[in-house]
Amino acid sequence: QSGFGSVIKKNHSEINLGIYETAEEAARAYDMAALFCQGDRAKVNFSDSLHLYDMNFSLDLKLPSQPSPARDKDFYHQVFLEPSSTPRGAGTVLTDLADRLPYSAVVSAELSVWETFSATNSSLETWGGFAAQLLWLVKEQITPSALSSRWDVAAWEAQCRACETGDQASRLLKEAEERGIEWNKVGRLWDAEVSSFDPAAAATGKRRE
């Protein structure tokens, strides 16, 4: 198929946005996806993209421009404590959490690593498995530059290894998000990463024949 390809990086992988007739159409597609994923931190190709995005996407979305999850007061109960709550359902929260971290805040940029992480999250059978995935993300992947130096991570790790219930899992996630990850630091890392990113290269790539 002939045309210009458009891709964007999300959740530490590349998402194909399609093939377009012109380089401008591919760049426009990138701009809309970048604004959706990165909010006002997005580096776009066209000065009117934000205006066009606001006209077409008026939903109140929580984007990486506000990287902290800012959970609703009922979130933990709904995800972890309802009779219908399952580790598999809660696993999507871990994938979303990883999606809020730029490449500079994690150790691995390998696509296969994050594909495996996401696939495992969608098939979790136990709350202990959920805690193990959370522990891997925080201990093995998130860099010290994105974590609080004041956080007692050793005690938290021990609790992860002993996790058996949804209530315990919810407390572990809440502590990691509210006391472990420094979202102000994450925001600065996003800023630095986006400012050094060339959207035109990602938007147009090379012509596909």
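Numbering of residues starts from 1 in each chain and follows the order in which that chain's sequence is written. Restriction of local features to residues with pLDDT of at least 70 applies here, the model being predicted, together with a cutoff of 80 or more for giving and counting side-chain atom pairs; totals for whole chains, interfaces and linings are based on all residues. Processing note: side-chain calculations cover all non-hydrogen atoms of the structure and skip hydrogens and water entirely.

A. Up close: the overall build of the protein chain. A count of helices and strands for the protein chain gives 10 helices and three strands. In this scheme, a residue with accessible area under 20% of its type's maximum is buried, one over 50% is exposed, and one in between is partly exposed, where area comes from a 1.4 Å probe on protein chains only. Burial analysis of the protein chain (209 residues in total) assigns 45% to the buried set. The criterion used for residue contact is that any of the two residues' heavy atoms lie within 4.5 Å. Considering only residue pairs separated by 6 or more positions, the protein chain has 66% of its internal contacts joining residues 24 or more positions apart. Accessibility throughout is a Shrake-Rupley quantity obtained with a 1.4 Å probe, and a residue counts as covered only by protein chains that appear here. For the protein chain, the exposed area adds up to about 11100 Å²; of that, 51% sits on carbon and sulfur atoms. We count a stretch as a helix when DSSP gives it H or I for four or more residues in a row; a strand needs E for two or more, and each element gets its number in order from the N terminus.

B. Up close: helix H7 (residues 153–161). Listed in full, the buried residues belonging to H7 are Trp156, Glu157 and Cys160. Each buried residue of H7 sits inside an arc of 100° when the element is viewed along its axis, so together they form one side. Opposite the buried face of H7, by more than 90 degrees, sit the exposed residues Ala154 and Arg161. For H7, the elements touching its buried residues are helix H6 (127–141) and helix H8 (166–180). Along the arc lie the directions from the helix axis toward the C-beta atoms.

C. View of the nonpolar core. Side-chain atoms within 4.5 Å link the members of a nonpolar core, which is a set of buried Ala, Val, Leu, Ile, Met, Phe, Trp, Tyr and Cys residues. If you look at the biggest cluster of nonpolar residues, it comprises 38 residues, and the most contacted ones within it are Phe80, Phe130, Leu134, Val138, Ile142, Trp156 and Leu173. Elements represented by at least two residues in this core include exactly helix H3 (75–81), helix H4 (87–99), helix H5 (111–121), H6, H7, H8 and helix H9 (183–195). Examining the composition of this core, we find that seven residues originate from one element, H6, more than from any other. Beyond its immediate stretch of four places on either side in the chain, Leu134 contacts Leu94, Leu97, Trp156, Leu172, Leu173 and Ala176. Of all hydrophobic cores here, the second largest spans eight residues; its members include Ile8, Ala34, Leu35 and Ala42.

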